[in-house]
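Spelled out, the chains give:
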Amino acid sequence: MTQTARPGGRPILMPDEVARVRAPLERSATLPPAAYVDPRVYDVEVDTVFARDWVCVARAEQVPGPGDYVCVDVPGQPIVVARGRDGVLRAFSRICLHRAMPVAEGAGNAGRFVCPYHHWTYELDGTLRSAPMMAGAEGFEPARCRLPALRLEVWQGFVFVNRDPEAAALAPRLAGLEALIRPYRFDGLAVAATTEFDSPWNWKILVENFMEAYHHIGIHGTTFEPVYPARDSSVPDNGGEPWTFLRMPGRAGTEDAAPALFPDLEGAERRQLVAANVYPTLLFAASAAGAFWYQLEPRGHDAMRLRIHVLLPAAVAGAMSEDDRHGAIELVRGIHLEDVPANEGPWRGLHGSMTGQGRLSPYEKAIWQLNQLWLDRVEARLL
Ligand code: FES
Ligand SMILES: [Fe+2]
């Protein structure tokens, strides 16, 4: 195993730091600052977490028909997710086999992908169809060339890719989470509206903030705390599987006002807010009023692109007016903007030379779970 050492031989993580993270929740501490601010840690994550875990890249309903595609930058590899003429959804590298030009950007519908540089042309399944003026290139056979494929799985409408051909299938590992979110019928939801933020901080800071309600007493003291008190929140065991779940019961009396978007919600479920993470970067939340999806694309140890999508039952999303969409976006923007200081502040703080590991509250059980998942993947490379 390659060791990633600091100059002078000091490893990036010290054994005592790891031991504090590995301790049972009641005695455990946060990840050390280097986990967030050291660019070498991100390089290791690209080789481990993002190379071997299932990374969420899209919703299936964003690419509904033949030729529909969406480009995503998975850390370590720009890819395209495209639906073929046969209706099959595939994911492959979108980097031209000639001289490394991306053959597609953004999203849209295409009959084929034509590289803008020298017009090498690829089918929707990634095979090279033609390469102009290559007749004199000895032994070059376009028919034998194809853009490298990633594995792809759709779970609850979310499209995941995995660069590891040996990775275990995702859905069986998410059975526990699937049972917890069943009433929201994520399979039948569709993106109703989207807003985007550039977020100049480490991706793990946002994931941790999303997965604890302890901060309702501080950051959301007048907004979430009166409705979803921190003290009532709870996190079930995940058995070490790659997901975390946060239940935030709502105060009694709010359920009658809730619209009937999810008829399977019963009793107190109708006033709860739930949040979930599929490790590493899928985040979503749901209540009786609808759902939202935080689509994270890490761009380095110090940056990510965040797109927040409102998810509603497809028929409801399709019938929304522009005003409805605008209102939905304003709501999720408001929530996120309230959380921005809870990301920016720790990001600045983690750079302090006197900053160390902090103790976790039992209400931060999901962060403890996330930290175990993270160490499982990177520990051997950082010690
Ligand atoms: S780089 Fe794509 S055709 Fe030359
Ligand atoms: Fe928050």
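Above this note sits the structure.
In this report, we go over the structure that sits alongside the text. (Residues numbered from 1 in each chain as written. Chains lettered and ligands numbered in written order. Predicted model: local features only at pLDDT ≥ 70, side-chain atom pairs only at ≥ 80, totals over all residues. Heavy atoms only, no water.)

1. Comments concerning the overall build of the protein
Thought 1: The secondary structure content of the protein amounts to 9 helices and 16 strands.
Thought 2: Over its C-alpha trace the protein gives a radius of gyration of 22 Å, about what one expects of a compact globule, namely 21 Å for 383 residues.
Thought 3: When its C-alpha atoms are laid out on the principal axes, the protein stretches across 70 × 60 × 35 Å.
Thought 4: When burial is assessed residue by residue, the protein has 53% of its 383 residues classed as buried.
Thought 5: For the protein, the accessible surface area stands at approximately 16700 Å², while carbon and sulfur atoms represent 54% of it.
Thought 6: Looking at the protein, you have 38 positive and 47 negative side-chain charges, and the mean spots of the two groups are 3 Å apart. (Helix = DSSP H or I, 4+ residues; strand = E, 2+ residues; numbered from the N terminus. Rg over C-alpha atoms; globule rule 2.2 N^0.38 Å. Buried < 20%, exposed > 50% of the residue type's maximum accessible area, 1.4 Å probe, protein only. Areas by Shrake-Rupley, 256 points an atom, 1.4 Å probe, with all protein chains shown as cover. Lys, Arg positive; Asp, Glu negative; His and termini not counted. Charge placed at Lys NZ, Arg CZ, Asp CG, Glu CD.)

2. Let's talk about the pairing of strand 4 (residues 89–93)
Thought 1: Judged by how many residues are buried, strand 4 sits mostly within the fold: 4 of 5 residues are covered.
Thought 2: Sheet topology note: the strand 3 (residues 77–83)/strand 4 ladder contains 5 bridges and is antiparallel. Paired with A82 across the bridge in strand 4 is R90.
Thought 3: The antiparallel pairing of strand 3 with strand 4 creates a hairpin that spans 5 residues between the two strands, and G87 there sits at a positive phi of about 85°.
Thought 4: Strand direction decides the pairing type here: strand 4 and strand 9 (residues 149–155), joined by 2 bridges, are antiparallel. Bridge pairing links F92 to A149 in strand 9. (Pairing = 2+ DSSP bridges.)

3. Some points on the coordination of the iron ion (ligand 2)
Thought 1: The coordination sphere of the iron ion (ligand 2) contains the protein donors H215 (NE2), H220 (NE2), D339 (OD) and D339 (OD), at a distance range of 2.1 to 2.4 Å.
Thought 2: Between the 4 donor atoms coordinating the iron ion (ligand 2), the angles at the centre fall across 58 to 150°, so the site counts as irregular.
Thought 3: Spacing between the donor residues of the iron ion (ligand 2) along their common chain follows H-x4-H-x118-D. One end of the pair, H220, is in the loop between helix 6 (203–210) and strand 12 (243–248); the other, D339, is in helix 8 (residues 322–349), and 119 residues separate them in sequence. (Donors = N, O, S within 2.8 Å, 3.2 Å for Na, K, Ca; no water. Tetrahedral: all angles 85-135°; square planar, octahedral: opposite > 155°, others 65-115°.)

4. Considering the sheet that holds strand 11 (residues 189–199)
The strands that make up a sheet pair up through hydrogen bonds in the backbone, lying either parallel or antiparallel.
Thought 1: Pairing is antiparallel in the open sheet, where 6 strands are placed in the order 11-16-15-14-13-12. Two strands bound the open sheet, and with one partner strand each, they are strand 11 and strand 12. Across the sheet, the mean angle separating the axes of adjacent strands is 15° when strand polarity is ignored.
Thought 2: In this structure, strand 14 (residues 282–287) lies alongside strand 15 (residues 290–300), joined through 6 bridges in antiparallel fashion. Each residue of the ladder has a partner; that of F284, found in strand 15, is W293.
Thought 3: Where helix 6 meets the sheet, it contacts strand 12, strand 13 (273–278), strand 14, strand 15 and strand 16 (303–313), and its direction lies at approximately 160° from that of strand 15. (Axes fitted to C-alpha atoms, helices over the stretch in contact; angles between N-to-C directions. Contact = heavy atoms within 4.5 Å.)

5. Points about helix 9 (residues 365–382)
Thought 1: Across its 18 residues, helix 9 extends 24 Å between first and last C-alpha, which sits within 8% of the 26 Å expected from 1.5 Å per residue.
Thought 2: Remark: the principal bend of helix 9, roughly 50°, maps to D376.
Thought 3: A large share of helix 9 lies buried, amounting to 14 of its 18 residues. (Expected span 1.5 Å × (residues − 1). Bend = angle between axes of the 7 residues up to and from the residue.)

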